[in-house]
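What follows is the residue order along each chain.
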8 protein chains.
Amino acid sequence: MNEEQIRKLLVEVSEGKTPVEDAVSSLRDLPFEDLGHARVDHHRNLRCGFPEVIYCQGKDPADLTEIAASILSHSPWLLATRADEAAFEAVKAADERAEYHERARCITVRKEAPPALDGKILLISAGTIDIPVAEEARVTAEIMGHTVETVYDAGVAGIHRLMAETKKIQEADCIIAVAGMEGALPSVVGGLSDVPVIAVPTSGGYGANLGGITPLLTMLSSCAAGVAVVNIDNGFGAGFMSALICRKRQRE
Amino acid sequence: MNEEQIRKLLVEVSEGKTPVEDAVSSLRDLPFEDLGHARVDHHRNLRCGFPEVIYCQGKDPADLTEIAASILSHSPWLLATRADEAAFEAVKAADERAEYHERARCITVRKEAPPALDGKILLISAGTIDIPVAEEARVTAEIMGHTVETVYDAGVAGIHRLMAETKKIQEADCIIAVAGMEGALPSVVGGLSDVPVIAVPTSGGYGANLGGITPLLTMLSSCAAGVAVVNIDNGFGAGFMSALICRKRQRE
Amino acid sequence: MNEEQIRKLLVEVSEGKTPVEDAVSSLRDLPFEDLGHARVDHHRNLRCGFPEVIYCQGKDPADLTEIAASILSHSPWLLATRADEAAFEAVKAADERAEYHERARCITVRKEAPPALDGKILLISAGTIDIPVAEEARVTAEIMGHTVETVYDAGVAGIHRLMAETKKIQEADCIIAVAGMEGALPSVVGGLSDVPVIAVPTSGGYGANLGGITPLLTMLSSCAAGVAVVNIDNGFGAGFMSALICRKRQRE
Amino acid sequence: MNEEQIRKLLVEVSEGKTPVEDAVSSLRDLPFEDLGHARVDHHRNLRCGFPEVIYCQGKDPADLTEIAASILSHSPWLLATRADEAAFEAVKAADERAEYHERARCITVRKEAPPALDGKILLISAGTIDIPVAEEARVTAEIMGHTVETVYDAGVAGIHRLMAETKKIQEADCIIAVAGMEGALPSVVGGLSDVPVIAVPTSGGYGANLGGITPLLTMLSSCAAGVAVVNIDNGFGAGFMSALICRKRQRE
Amino acid sequence: MNEEQIRKLLVEVSEGKTPVEDAVSSLRDLPFEDLGHARVDHHRNLRCGFPEVIYCQGKDPADLTEIAASILSHSPWLLATRADEAAFEAVKAADERAEYHERARCITVRKEAPPALDGKILLISAGTIDIPVAEEARVTAEIMGHTVETVYDAGVAGIHRLMAETKKIQEADCIIAVAGMEGALPSVVGGLSDVPVIAVPTSGGYGANLGGITPLLTMLSSCAAGVAVVNIDNGFGAGFMSALICRKRQRE
Amino acid sequence: MNEEQIRKLLVEVSEGKTPVEDAVSSLRDLPFEDLGHARVDHHRNLRCGFPEVIYCQGKDPADLTEIAASILSHSPWLLATRADEAAFEAVKAADERAEYHERARCITVRKEAPPALDGKILLISAGTIDIPVAEEARVTAEIMGHTVETVYDAGVAGIHRLMAETKKIQEADCIIAVAGMEGALPSVVGGLSDVPVIAVPTSGGYGANLGGITPLLTMLSSCAAGVAVVNIDNGFGAGFMSALICRKRQRE
Amino acid sequence: MNEEQIRKLLVEVSEGKTPVEDAVSSLRDLPFEDLGHARVDHHRNLRCGFPEVIYCQGKDPADLTEIAASILSHSPWLLATRADEAAFEAVKAADERAEYHERARCITVRKEAPPALDGKILLISAGTIDIPVAEEARVTAEIMGHTVETVYDAGVAGIHRLMAETKKIQEADCIIAVAGMEGALPSVVGGLSDVPVIAVPTSGGYGANLGGITPLLTMLSSCAAGVAVVNIDNGFGAGFMSALICRKRQRE
Amino acid sequence: MNEEQIRKLLVEVSEGKTPVEDAVSSLRDLPFEDLGHARVDHHRNLRCGFPEVIYCQGKDPADLTEIAASILSHSPWLLATRADEAAFEAVKAADERAEYHERARCITVRKEAPPALDGKILLISAGTIDIPVAEEARVTAEIMGHTVETVYDAGVAGIHRLMAETKKIQEADCIIAVAGMEGALPSVVGGLSDVPVIAVPTSGGYGANLGGITPLLTMLSSCAAGVAVVNIDNGFGAGFMSALICRKRQRE
């Protein structure tokens, strides 16, 4: 509730149009729904530009169904991440239109088509092992209304495979770079581009990769400016961030 | 050199307008200047949207003067970070117009005014100890042409100090959140906003702060989507990233 | 055995009421029972205010039954943590009244009702994934005689869900704040309250969460005073600590 | 501003006693003072039970004077930590009554005597090297109105030096245990007591002490329940926490 | 495409022998094959001296077959590492000649015999637990055309078992030293030899071995010069590196 | 081969009693047996006072049988650690007299009784979870000929359980202290005793225990002198070390 | 006070030879002296075999003089470690006979000659940089009455320098092995000896040495049995431990 | 002493040409010189191909002079690393011909010209901050007789600066790649080359660079085969390793 809304409410109170107790309620009540095990945040769609996203890991199927139904009662779209088959069945129980994106381990429900926003997102990944994380980013950005172009298996040890895509790199509005192993991809991409690069470290690799800590540190230490980093394996976060970046253009 | 330029060159060669050896040179020579101790990348302004930035730490004053002069011979603006007084004198020797931003430890040279781009950047910092890093971000974004509004000393332990700025948070085009200690600020800000939040951990704090590792990890693990992170104390990186995000809007 | 008791014993010895060898025994014998595999500490109820608690993980079912029986022979209540179904069966073999708290993975036995102490404990958790740890804290504090109110799923990324509970926060005698991910919850809660906050980091999360190390470090680095931290996933410790804090008031 | 205050304000608005714009101001303005470089949180005294505490490290002397004056304009007491001689001079410039506690590196100002609360705090430290941290805890708890008894140099390698104080341990209302090296002290103390133990790891030691990380981890892993931990070298935090714990009793 | 090739192409263009658009294609197209899920790098054989190697872990069997077939269409040899039985079946489906090296977890295909290069590689391992990693190194170096002599179970705690092989150590052209536990082997071997020693830490061990981090750090800190290190358990990398070192001699 | 043996051999050579080539063999051949997969070190019994010990983890049963047979061909005793049932069967195949110590996960073979050495070893463990590691230490010290007395479940949080054993502590010739959690036991024991204390950290615990790293660091940072530490869970190492310490006395 | 002493005291009480209050005193008073800033543990000489040792770092000179005087009032010897010149002056003020061992950074006072115990301690160090730590061990063991033989600069990269000392290694009663860099020395020495090896990691080195953490982990992971480890740079601890080991033999 | 030498000696003994005691001496004495504080390893030149190198840090100037003189009495060349001006004066006192390489912090003495070996070493560094480490590598390889070509300031964020040197990369016999920040350089270089790449991480950078740990891990996790890594800032090690690699070719 912002200042303007407060003012409007107060005018109504001073004019006797709104009883005091109703105004107290308005000022106290916040727009979330308490399911006991979860507090679904319906306000989020307005506040942050997208309905609450369900992180399925560790959630009970019955709870999932209830949460999904609650979100879909207020929103035309739903996204659920880190979902296995059981989670898919649970969401499907809430809405028949649920789709499962296997490689991305995501579920989407589209009661209507997402808005067709422009903003070209380029999604580059270093190795085949990074594809599931990249796909999670793709599904996220797409349900938020953006077009995503993918260049997979373009690691820096075969730099010509990456250089061959210079044109795409220079035409994107935002780039997501996904890499495990040593995570050098965003540094090279960042140096070839003048748009924001969202770097996603992955836990694919072994030994000194340290479960993704190494590419994470690499990306944070990048000698290229214009690179920012999300959590290890956090494809969702990268997709969401790149959608926010592209959306700005639309808004004007 | 992009495909179009290659095509143009080849047409000239096929028409005999450009001798073969000249074309070899064009295709081989890349637009950087080799000063021996440094290779100044003049192409960068076109490729990445801003001339190369000088990281002063550990650089010889004489080298600094030479690098600054080389950059300023191709660019109307110059930014140097992590600069002390000696570095300032060195850059001033290259161009009298150099200005020193003491809190930010930055030097700028403006041979002409930066472009006046829109894109409102909101810069929030948690404690007074985080101000130097925040200032580095501000100076960076400003020389790249953007307006920066600051809210300093608004840590989450006095949440009302932050909530008082909800309006600014909701009107920004991009937010930079700078925090040391436990680094919780971006999580709260990210939950209040629908624009990209660039989080900057700082090394201010002691003990379990681990020289900034703790707020770094905190920010990466943020429960708010729409947050991406740059290196510890990397105000420059945050300023640069936010400028790239805002610039997109301008470009259309 | 304190100074007064020593004095009394010595007077008896000097008066010939207690033979020397009996006094030697009194001074030597300590009130624990050696079961071979475990030394049950019956003195603990007096010394630390609650009988020894059984940590089930890695304990043999037969041993568990024996330990439970030994404790219940001296105490009206029993608490066992990190218990699975097999552990429950083992404790039930010692006493039919055993109850299993599934989400909390705890077993309790109440041969009589716990004392009804005042001291309102408020238990806040950030995500649905943190609920098992929170439940362990609740079960612990309740069998020690305190009332526990819970606010679940109130993470800082939806700060209004937390702010909606300001009244409860300000009326509690002690607060337990449970959070995984980045663990920012206790910093915000600590800033809203003038009672002790016990922070519990959880291992729920991935990547930079580092199995709970990140929220642990976050909580230790909290910019809010009045926050102290227990081990990762240590709901029991938080429940016990908050019970000790509240009990003090009773004692007077 | 709590629900009751909102209700009262609204009644006044509805009765025409308070103009709408004044009510808007009341609901918008939060009780902090913006000094530009710092936002002094005057509301804190009510909200958290003690005025804002100044962490001197890295703060400009001129800023310190201004902040101190601002706090003292609303509060009868002031506490500043991590203070050197220069910080002391700066605070003295704001109020002549400032006292410097050298070992504790703290400054206090007492415009009037602190409230005489009961609540006996026992402060035990393991080695002579831990004394500065212990003193910071003592000064903090004392200015908050509590009596602190100290037992210094009572490490676990000479366990009889600790056992000699069993009586004090059993009569305290809250215990602070400060230890560097391996940090075993709180485990032993926690096992001898039925009151909350606040453990403070210190960075004193070398090698495997890892700048305090080892005693920190030790204390978190303590086999004694009833122990909670604050940050490395955070004597202030321990003193503050123990004061909050003891204060509860007074309030009733 | 190197300078000479560019020159030749340009001459053809200037002489009208090659049409402009064909030249554009040549300059743009890079020699990799895009399978969608993977970009097979056929140029690699020329550029780096060996065809691309397949890292099987996490790859789909159907994808593996396709990748193997693609590589074998351009190369007489194939090497696949971290392969289980399913991976073997997949590669066999691409070429019947596939062989499975069980201990090494490698697959090789030899459409023709590898070149018989000289260069004696000596492969020493510390414990029986290190043998799988050592075998991966052996298979790699052998398919690249080199002879590998092995000395297994020669850890430094039985130094005479190693000293007995002094002659072999002094006759090798390159040495691979594989060790887990504390990883001291390369330091001792490096001090006995005047040829390059490639050190491979293994994750075999427990506790302070830290999954191979300890021998890794040990080898990097080696007091013997002439030692360089590859990733934990990276037998392939060591075999490849030693083959490159030996190959040099052949090339002249 | 020591100096005396070399002298004796050379005298024989100079007197023509030993042919040159035989002497070359003697000086070259070292007393180990190369089984291909393992080099059994028969010399070890003389050099280090006990035959080579088999670390079973990761060893093939067939190899185990062969190694066991090889050791038993030169030694009256055999010890194998980290053994499961399959390993036991394998060793039994080499010698029917093999015994399996289930809790200790050890196998012993005694073709004759070990020497009856004096040297009382006291073995103290903190929790029931530490017993397997303690048992490994016991079995090791016993087959090396020493008497081991055990005090189990005597952690520092119930310090009186430990103080009750002061007499045993003061009569031992060497003490082994086994502890997980925070690992404070050796510090307390070391302060009560004037004999060497061998500390063994265990991986039992959770969260901040970090798989045994915390008690390891604790023990290394111990404020008690006379404490030295072996690897996490290395009961064998502690048993072996304490046997070496006690054996010295016997040797005179 | 042990059982026998308690019995004796009680008999006296029962016979009226000792008044009750005197007995209370005896049972309560423990033999330490409270200097306020330190509690000097005079009982230690009997309990642990050597008077309390002073760790000088961070101690006030005036306090040092007082502590030294207190120790020397009950003991014929004094050892102070981590001492600089100022500490030396402070101890000299307590007793003129104080000697400063510069390389070892130790102070000793010998009011009488230490007991001449046998027990040959062999002290081996890897590099010249490790000598200060080794010297601290030597001074410690010597004031405790043992003979120490030193072999310095015998790292494993020049293994023959170590092998040349095989005889000394086999004749020692206890070995101290000091090493920084990769810390491989104790593994090799442990494999050549049948006596206890005390390993001391040092912080000398750079990069992957991690301030001594690497040799620490190396030594703990040693493939040689019969090795135990003390803290980084803890020469004192190693000297003390080896003295305890050797002393045993004397005692019989 | 190798087998042939042993045989020759024994023949002489059997023929009475060499007395037994002389043979004992020969078999016992090893070719190092014991200076007390250091054991100079004169054999090293033969065994490892270069005389012992002096690591100056922490060495006494007087000791340095003595060590330098000892080495120069047996070798025509000397290399000392990590040297400051004082170290230079010390070495100069041993030999007037000493040269100081300031950027490299190295001292060399050349009593005669090093052998002119072929083997082109290419030395690439990423940033100007990495130059001192690179220079240490250059000085090392040059005094060992090799030609070193340098390409400085060629980081991956300006990939064209690196691609411009493709020809040099493909003509080198061995490449050294020095990089701090994120350390991505060796991965890109390794993918462009078929010769061994020695990667050197540097501690230049801040925050997530972790004093060089990040580029170290990056290089170890490199997705390019043919890369091996030396310690952080270990320019000497890289120069030495590359010289060994190139020397092989010469030897034939």
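The shown structure was predicted, so the numbers you read here are calculated from the model rather than taken from an experiment. (Residues numbered from 1 in each chain as written. Chains lettered and ligands numbered in written order. Predicted model: local features only at pLDDT ≥ 70, side-chain atom pairs only at ≥ 80, totals over all residues. Heavy atoms only, no water.)

Trainee: Is there a simple way to think about the overall build of chain A in this case?
Mentor: Each helix and strand in chain A was counted, giving eleven helices and eleven strands. Taking all 252 residues of chain A together, 65% fall into the buried category. (Helix = DSSP H or I, 4+ residues; strand = E, 2+ residues; numbered from the N terminus. Buried < 20%, exposed > 50% of the residue type's maximum accessible area, 1.4 Å probe, protein only.)

Trainee: Help me understand the sheet that holds strand S3 (residues 54-55) of chain B in this model?
Mentor: Hydrogen bonds between backbone atoms are what pair the strands of a sheet, whose relative direction is either parallel or antiparallel. Residues and elements named next belong to chain B. Read across the sheet, four strands follow the order S3-S4-S6-S5 without closing on themselves; strand pairing throughout is mixed. Each of the sheet's edge strands pairs with one partner strand only, and the pair in question is S3 and strand S5 (99-101). Across four bridges, the pairing between strand S4 (residues 77-81) and strand S6 (residues 106-110) is antiparallel. Note on S6: the bridge partner recorded for Ala80 is Ile107. Contacts from helix H5 (residues 85-94) reach S4, S5 and S6 within the one sheet, and its direction differs from that of S6 by about 15 degrees. (Pairing = 2+ DSSP bridges. Contact = heavy atoms within 4.5 Å. Axes fitted to C-alpha atoms, helices over the stretch in contact; angles between N-to-C directions.)

Trainee: Can you help me understand the packing of helix H4 (residues 61-72) of chain F against helix H5 (residues 85-94) of chain F in this one?
Mentor: Helices that pack against each other are described as a pair by the angle of their axes relative to one another and the distance between those axes. Residue and element names in this part refer to chain F. Direction vectors running N to C along H4 and H5 enclose 40 degrees, while the axes themselves pass 8 Å from each other. In terms of orientation, H4 and H5 fall into the oblique class. The hand of the H4/H5 crossing is right-handed. Contacts between H4 and H5 pair Pro61, Leu64, Thr65, Ala68 and Ala69 from the former with Ala87, Ala90, Val91, Ala93 and Ala94 from the latter. Taken together, the residues of the contact of H4 with H5 break down into nine nonpolar, one polar and no charged. (Parallel < 35°, antiparallel > 145°, perpendicular 65-115°, else oblique. Left-handed = near helix turned anticlockwise from the far one by under 90°. Nonpolar A, V, L, I, M, F, W, Y, C, P; charged D, E, K, R; others polar.)

Trainee: Any chance you could explain helix H5 (residues 85-94) of chain C here in plain terms?
Mentor: It helps to recall that an α-helix has 3.6 residues per turn; residues three or four apart then point in one direction. Residues and elements named next belong to chain C. Buried within H5 are the following residues: Ala87, Phe88, Ala90 and Val91. Buried residues of H5, viewed axially, fall in a sector of 160 degrees; they line one side. In this structure, the buried side of H5 is in contact with helix H4 (61-72), strand S4 (77-81), strand S5 (99-101) and strand S6 (106-110). (Arc of directions from axis to C-beta.)

Trainee: Teacher, can you tell me more about the packing of aromatic side chains here?
Mentor: The geometry of an aromatic ring pair is captured by the separation of the ring centres together with the interplanar angle, meaning the angle of the planes. Applying the stated criterion to the full structure yields 24 aromatic pairs over all chains. Measuring from centroid to centroid gives 5.2 Å for Phe88(A) and Tyr100(A), while their planes differ by 20 degrees, and the two rings are stacked. Separated by twelve residues along the polypeptide, Phe88(A) in helix H5 (residues 85-94) and Tyr100(A) in strand S5 (residues 99-101) bring together distant segments of the chain. Given a relative accessible area of 9%, Phe88(A) falls into the buried group. Judged by centre distance (5.7 Å) and plane angle (55 degrees), the ring pair of Phe236(B) and Phe240(B) falls under tilted. Of the two residues, Phe236(B) and Phe240(B) both sit in helix H11 (residues 235-251), four residues apart, roughly one turn of that helix. Taking NZ or CZ as reference, Arg82(G) lies 4.3 Å from the ring centre of Tyr206(D), over its face. (Phe/Tyr/Trp six-rings, centres within 6.5 Å; stacked < 30°, edge-to-face > 60°. Lys NZ or Arg CZ within 6 Å of the ring centre and 35° of its normal.)

Trainee: Sorry if this is basic, but what is going on with the packing of helix H10 (residues 213-220) of chain E against helix H10 (residues 213-220) of chain G here?
Mentor: One way to put it is that H10(E) packs onto H10(G) with a least axis distance of 9 Å and a crossing angle of 125 degrees. One element, H10(E), and the other, H10(G), form an angle in the oblique class. Crossing geometry of H10(E) relative to H10(G) is assigned as left-handed. Contacts from Thr214(E), Leu217(E) and Thr218(E) of H10(E) reach H10(G) at Thr214(G), Leu217(G) and Thr218(G). Here the contact of H10(E) with H10(G) is built from residues that sort into two nonpolar, four polar and no charged.

Trainee: Any chance you could explain the pattern of salt bridges here in plain terms?
Mentor: For side chains bearing opposite charge, pairing can occur when the charged atoms are close. All names here are of chain D. Following the criterion strictly, the structure yields 90 salt bridges over all chains and no others. A salt bridge links Lys17 to Glu15, with the nearest nitrogen and oxygen atoms 2.9 Å apart. Among the residues examined, Lys17 registers a relative accessible area of 63% and is labelled exposed. Under the relative-accessibility criterion, Glu15 is labelled partly exposed at 45%. (Salt bridge = Lys/Arg side-chain N within 4 Å of Asp/Glu carboxyl O.)

Trainee: Just checking my understanding: could you explain the side chain of Glu136(F) for this structure?
Mentor: Residue placement: Glu136(F) occurs in helix H6 (residues 131-143). Owing to a relative accessible area of 2%, Glu136(F) belongs among the buried residues under this scheme.

Trainee: Where do I start with the sheet that holds strand S5 (residues 99-101) of chain E in this structure?
Mentor: Residue and element names in this part refer to chain E. Across the sheet, four strands lie side by side as S3-S4-S6-S5; this open sheet has mixed pairing. With one partner strand each, in any of the chains shown, strand S3 (54-55) and S5 form the two edges of the open sheet. Two elements, S3 and strand S4 (residues 77-81), share two bridges in a ladder whose sense is parallel. Pairing of Tyr55 across the sheet is with Thr81, part of S4. Helix H4 (residues 61-72) contacts S3, S4 and strand S6 (106-110) of the sheet and is inclined by roughly 150 degrees relative to S4. Relative to S6, helix H5 (residues 85-94) is tilted by about 15 degrees, and along the sheet it contacts S4, S5 and S6.

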